[in-house]
Amino acid sequence: MAILEIKTFPDPVLREIAKPVDEITEDIKRLAEDMIETMRLAKGAGLAANQVGIPIRLIVIEIAEKKGDRAIAIINPELIHTESEEVSEEGCLSVPGFYEFIKRAKKVRVKGIKIEVSKVEIECEGYPARAFQHEIDHLNGRLFIDYLSPVKKEIFKKKYLKQKNR
Ligand code: NI
């Protein structure tokens, strides 16, 4: 296993639309393991392959409330159902040091292929539901900061870029 470099905003790979994965090869399995290790070291709740510079549709998520408890790797994840809304604080390993309150669905059903198992549909709410939405956004080149109001976006740009150039 290896620790991967996490790309940070404004790296263009974070804006790429990730490509579907056709086959679970040994390389894909190894990448998923490395992503889980990288996510845990960085104390994240999830990680998308774009964030380690590989724009393919693969995400890893901590599915249990307690971090480091149970991580799963899913290829070609799709949100097939979303229900009710909830505003909660969110951050991103690719936008370090910045957190904001974002409105997302409270409950989701996600379809995809779980590595080493088979097709899955996962229904969850709260914390993992938010992580799924956040990571699937990454595969579509979308970041949580895109949900900010124009005013908050300006504040983010000033704060974040200032901190980054320090
Ligand atoms: Ni993120």
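For the structure itself, look to the data block above.
Residues numbered from 1 in each chain as written. Predicted model: local features only at pLDDT ≥ 70, side-chain atom pairs only at ≥ 80, totals over all residues. Heavy atoms only, no water.

## Describing the overall build of the protein chain
Phase 1 of the analysis: When you go through the protein chain residue by residue, the secondary structure sums to three helices and five strands.
Phase 2 of the analysis: The linear arrangement of helices and strands in the protein chain, starting from the amino end, is α-β-β-β-β-β-α-α.
Phase 3 of the analysis: Dimensions along the principal axes, computed over C-alpha positions, put the protein chain at roughly 45 × 35 × 30 Å.
Phase 4 of the analysis: Expressed as a percentage of the 166 residues in the protein chain, the buried residues total 44%.
Phase 5 of the analysis: If you take every contact in the protein chain between residues at least 6 apart in sequence, the share linking residues at least 24 apart comes to 65%.
Phase 6 of the analysis: Counting only carbon and sulfur atoms, one obtains 50% of the accessible surface of the protein chain, whose full area is about 9,100 Å².
Phase 7 of the analysis: Here the protein chain contributes 29 positively and 28 negatively charged side chains, and the mean placements of these two sets differ by 6 Å. (Helix = DSSP H or I, 4+ residues; strand = E, 2+ residues; numbered from the N terminus. Buried < 20%, exposed > 50% of the residue type's maximum accessible area, 1.4 Å probe, protein only. Contact = heavy atoms within 4.5 Å. Areas by Shrake-Rupley, 256 points an atom, 1.4 Å probe, with all protein chains shown as cover. Lys, Arg positive; Asp, Glu negative; His and termini not counted. Charge placed at Lys NZ, Arg CZ, Asp CG, Glu CD.)

## Some words on the environment of Phe-132
Phase 1 of the analysis: Mapped onto the secondary structure, Phe-132 falls in helix α2 (residues 127-139).
Phase 2 of the analysis: Judged by relative accessible area, which is 0%, Phe-132 ranks as buried.
Phase 3 of the analysis: Considering only alpha carbons, one finds Phe-132 and Arg-30, 102 residues apart in sequence, at a separation of 21 Å.
Phase 4 of the analysis: Look past the residues within four positions of Phe-132 in its chain and what remains in contact with it is Ile-59, Ile-61, Ile-63, Ile-72, Ile-74, Val-108, Val-110, Ile-122 and Cys-124.

## Considering the coordination of the nickel ion
Four donors placed tetrahedrally around a metal ideally meet at 109.5 degrees, and six donors placed octahedrally ideally meet at 90 or 180 degrees.
Phase 1 of the analysis: Donor atoms from the polypeptide that bind the nickel ion are Cys-92 (SG), His-134 (NE2) and His-138 (NE2), placed at 2.1 to 2.3 Å.
Phase 2 of the analysis: Sequence positions of the residues that donate to the nickel ion give the spacing C-x41-H-x3-H. On the criterion of sequence distance, the pair formed by Cys-92 in the loop between β3 (71-90) and β4 (100-114) and His-138 in helix α2 is long-range, its members being 46 residues apart.
Phase 3 of the analysis: Note on Cys-92: relative accessible area 10%, which makes it buried.
Phase 4 of the analysis: According to the relative accessible area criterion, His-138 is buried, its value standing at 1%. (Donors = N, O, S within 2.8 Å, 3.2 Å for Na, K, Ca; no water.)

## Re the nonpolar core
Phase 1 of the analysis: Core analysis: the biggest nonpolar cluster contains 18 residues, and Ile-59, Ile-72, Ile-74, Val-108, Ile-122 and Phe-132 have the highest contact counts within it.
Phase 2 of the analysis: Of all elements in the fold, only β2 (58-62), β3, β4, β5 (119-125) and α2 reach the threshold of two or more residues within this core.
Phase 3 of the analysis: The dominant element in this core, judged by the number of residues it contributes, is α2, at five residues.
Phase 4 of the analysis: Counting 16 residues, the second-largest nonpolar core is a separate cluster that includes Ile-28, Leu-31, Leu-58 and Ile-75. (Core = buried A, V, L, I, M, F, W, Y, C linked by side-chain atoms within 4.5 Å.)

## So, the packing of aromatic side chains
Phase 1 of the analysis: Enumeration according to the criterion identifies five aromatic pairs in this entry.
Phase 2 of the analysis: Ring centres of Phe-98 and Phe-144 lie 6.2 Å apart, and the angle between their planes is 40°; on these two criteria the pair is classed as tilted. You can see Phe-98 sitting in the loop between β3 and β4 and its partner Phe-144 sitting in the loop between α2 and α3 (150-165), a full 46 residues away along the chain. The same class applies to Phe-98 as to Phe-144, namely buried.
Phase 3 of the analysis: Centroid distance Phe-156 to Tyr-160: 5.1 Å. Interplanar angle 20°. Geometry classified as stacked. Taken as a pair, Phe-156 and Tyr-160 lie in helix α3 at a separation of four residues, close to a single helical turn.
Phase 4 of the analysis: Clustering of aromatic rings is evident, with ring pairs tying together Phe-9, Phe-98, Phe-144, Phe-156 and Tyr-160. (Phe/Tyr/Trp six-rings, centres within 6.5 Å; stacked < 30°, edge-to-face > 60°.)

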